[in-house]
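Spelled out from the first residue to the last, the chains are:
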Amino acid sequence: MKHIDISEILVGQELLGQEVVVCGWVRTFRESAQVAFLELADGTSFRKLQVVLDKGKLNVDPECTKLGAAVAVSGEVVKAYKGDGNELNARAVTLLGKCPPEYPIQKKRTTLDFLRTIPHLRLRTNTFAAVFRVRSVAAQAIHRYFHEHGYYYINAPLITASDCEGAGEMFRVTTQPWNASYKTEEEYYKNDFFGVKAGLSVSGQLEGEVAATAFGKIYTFGPSFRAENSNTTRHLAEFWHVEPEIAFAELPDVLEIAEDMLKYLIHAVLEECPDEIAFFDSFVEKGLREKLLHVEGSKFAVCTYTEAIDLLKPHNESFQFPVSWGCDLQSEHEKYLTEQVFRRPVFVTDYPKEIKSFYMKQNADGKTVAAADLLVPGIGEIIGGSEREADYEKLLAAMKERGMNLDAYKQYLDLRLFGSVPHGGFGLGFERFVMYCTGIENIRDVTLFPRSVKNIM
Ligand code: 4AD
Ligand code: MG
């Protein structure tokens, strides 16, 4: 259909006085004796177009004025009667799709909890229009950032036989039903599609390392799958994962890149989504814009795991899980560090090797690995990264300690035999980043169709 985007009509002089056609969904309708006003949204702008209907001249089908109805309007673009920008004086309104009163998006009932029960319609609200605009702009900015900095964009496989994080959280991929006649697991998988146990990838990192040790700088940006049985506001079974991997990089380089990338993304969102950020600032997280500006303009804090434990210990009585050296940091500890102690994003580095993955570079102290998690206020961990162990023997020893199936990692080990170099990278949880930029507190509300335990609507 020939029509013009609402975003083009709302501002500027070019279309003033011209006759145009717009298409959209009715967001509000109000009327007085002589005139009526339709607010139309078509997704091209967070702002709505006001359509003015002169009741004396126009006989509008009442179906065209119903909340949620889809209409096409032709009319003249004029300066808005009130405020900045332009509006449309309607000449004709055509119904494209009517919307009966059962339409569940009504002003009174739009809590996020309720909207989660109608994932196919909730996108038609202001909140979701703003969330998904930010998400889209951030995704574009990720590609732009890495492209501008000389990275290859690679696509790691989603079906894999190796478990990157080694935490046993993989979904299985199979074509055969369980058959009790198999005596061993191995025999069972031999008959399966791939002939071995296969699953959905929890991370593209291992393949990312393969590419980085050929191309230097690479990134992946795709879905990762985790069968974590954690029903929290920050975990999904399917999330989008940004994973750069950089050759000739040590841990400080990884931190520098992570910080630079994050600031670039925040800058892009602030620049490209001013209306959306203003909306979140008013209705979701007061002071959001200030927060983002502050983060963009200040250096992230850095502290070692050991320092973090020393900072947390004096407050042990206030934690559900008191800390001691060697323990994993729980969400309450991450929040305390970033919200009470540092009050800004903080990298926590050099964790005990027992609580981190096999592939991380072993530090000289024999106790810690060159890992770095970035914690942010309100969310906790948003990035997990490390320098990788580049020494064949040390990596092999770490894998044996964990009882890993070495056959499945032969290629990964080969990278340490043939021209091994220091390298590292990190993973940014894309949904957690969108939460951070919007103030939205539940990860299910920044995801089109969230998948989590017992939920695949
Ligand atoms: O810390 P993680 O597990 O690290 C890795 O997967 C590494 N292979 C990354 C790398 O070095 N290339 O995951 C990285 C990030 C987390 O910090 C978090 O933001 C996000 O991915 N994440 C999740 N997001 C939503 N739902 C889940 N279940 C997530 N698990 C991890
Ligand atoms: Mg992590």
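This text follows the structure it describes.
The present account deals with the structure reproduced in this document. None of these values were measured; they are calculated from a predicted model.

### Some points on the overall build of the protein
Along the protein, the regular secondary structure elements total 13 helices and 16 strands. Considered along the principal axes of its C-alpha atoms, the protein spans approximately 85 × 55 × 45 Å. In the protein, which comprises 457 residues, the share counted as buried stands at 50%. Across the protein, every contact between residues at least 6 apart in sequence was considered, and the portion connecting residues at least 24 apart equals 66%. With an accessible surface of roughly 22500 Å², the protein has 53% of that area assigned to carbon and sulfur atoms. Of the charged side chains in the protein, 51 are positive and 64 negative, and the gap between their average positions amounts to 6 Å.

### Digging into the nonpolar core
Here is a general trend for soluble globular proteins: nonpolar side chains tend to be buried in one another's company. Of all hydrophobic cores here, the largest spans 89 residues; its most connected members are Val51, Leu53, Val73, Leu428 and Phe433. Excluding residues within four positions of it along the chain, Leu53 makes contact with Phe29, Gln34, Val35, Ala36, Leu38, Leu58, Val60, Ala90 and Val93. Membership of the second largest hydrophobic core comes to 33 residues, among which are Tyr305, Phe342, Val348 and Tyr409.

### Digging into the site of ligand 1
Residues in contact with ligand 1 amount to 25 residues; listed here are only the nearest, Glu165, Gln205, Arg226, Glu243 and Glu381. Between a nitrogen atom of ligand 1 and a side-chain N or O atom of Glu165, the distance comes to 2.7 Å. A distance of 2.7 Å separates a nitrogen atom of ligand 1 from a polar atom in the side chain of Gln205. Coverage of ligand 1 by the protein amounts to 94% of the 630 Å² it exposes when considered alone. Elements supplying a minimum of two residues to the shell around ligand 1: β11 (238-247), β15 (380-387) and β16 (423-429). At 5 residues, β15 tops the list of elements feeding residues into the shell around ligand 1. Of the residues belonging to the shell around ligand 1, the class tally is 8 nonpolar, 9 polar and 8 charged.

### Brief notes about the sheet that holds β11
Across the sheet, 8 strands lie side by side as β6-β10-β11-β16-β15-β14-β13-β12; this open sheet has mixed pairing. Edge positions in the sheet fall to β6 (152-153) and β12 (301-304), since each of these pairs with one other strand and no more. Sheet analysis places strand β14 (residues 368-376) next to β15, joined by 6 bridges and oriented antiparallel. In the sheet register, Leu375 faces β15, and the bridge partner there is Glu381. Contacting β12 and β13 (346-352), helix α9 (residues 305-312) crosses the sheet at an angle of about 90° to β12. Contacts between helix α10 (residues 331-341) and the sheet are confined to β13, β14 and β15, with β14 contributing the most and set at about 65° to the helix.

### Structural notes on the side chain of His241
Within the secondary structure, His241 is located in strand β11. Residue class for His241 comes out buried when judged on its relative accessible area of 7%.

### Thoughts on α9
Of the positions making up α9, those classed as buried are Tyr305, Ala308, Ile309 and Leu312. Burial along α9 is one-sided: seen end-on, the buried residues are contained in an arc of 100°. Residues of α9 that are buried in the fold lie against β12, α10 and β13.

### Here we look at the packing of aromatic side chains
For the coordinates displayed, the defined rule picks out 21 aromatic pairs. An angle of 65° between the planes, with centres 5.4 Å apart, marks the rings of Tyr182 and Tyr188 as edge-to-face. Judged by its relative accessible area of 15%, Tyr182 is buried. Both rings, one in Phe358 and one in Tyr409, keep their centres 5.6 Å apart while their planes meet at 70°; by these two values the pair is edge-to-face. A residue pair is termed long-range when its members are at least 10 positions apart, and Phe358 in the loop between β13 and β14 and Tyr409 in the loop between α11 (392-401) and α12 (410-414) qualify at 51 residues. Each member of the pair, Phe358 as well as Tyr409, carries the same accessibility label: buried. By the ring-pair criterion, three or more aromatic residues cluster together here, those being Tyr145, Phe146, Tyr151, Tyr153, Tyr219 and Tyr264. Lys48 extends its terminal NZ or CZ atom over the ring of Phe46, reaching a point 5.2 Å from the ring centre.

Thresholds applied
Residues numbered from 1 in each chain as written. Chains lettered and ligands numbered in written order. Predicted model: local features only at pLDDT ≥ 70, side-chain atom pairs only at ≥ 80, totals over all residues. Heavy atoms only, no water. Helix = DSSP H or I, 4+ residues; strand = E, 2+ residues; numbered from the N terminus. Buried < 20%, exposed > 50% of the residue type's maximum accessible area, 1.4 Å probe, protein only. Contact = heavy atoms within 4.5 Å. Areas by Shrake-Rupley, 256 points an atom, 1.4 Å probe, with all protein chains shown as cover. Lys, Arg positive; Asp, Glu negative; His and termini not counted. Charge placed at Lys NZ, Arg CZ, Asp CG, Glu CD. Core = buried A, V, L, I, M, F, W, Y, C linked by side-chain atoms within 4.5 Å. Near = heavy atom within 4 Å. Polar contact = N/O pair within 3.5 Å; in protein donor to acceptor, adjacent residues only side chain to side chain. Nonpolar A, V, L, I, M, F, W, Y, C, P; charged D, E, K, R; others polar. Pairing = 2+ DSSP bridges. Axes fitted to C-alpha atoms, helices over the stretch in contact; angles between N-to-C directions. Arc of directions from axis to C-beta. Phe/Tyr/Trp six-rings, centres within 6.5 Å; stacked < 30°, edge-to-face > 60°. Lys NZ or Arg CZ within 6 Å of the ring centre and 35° of its normal.

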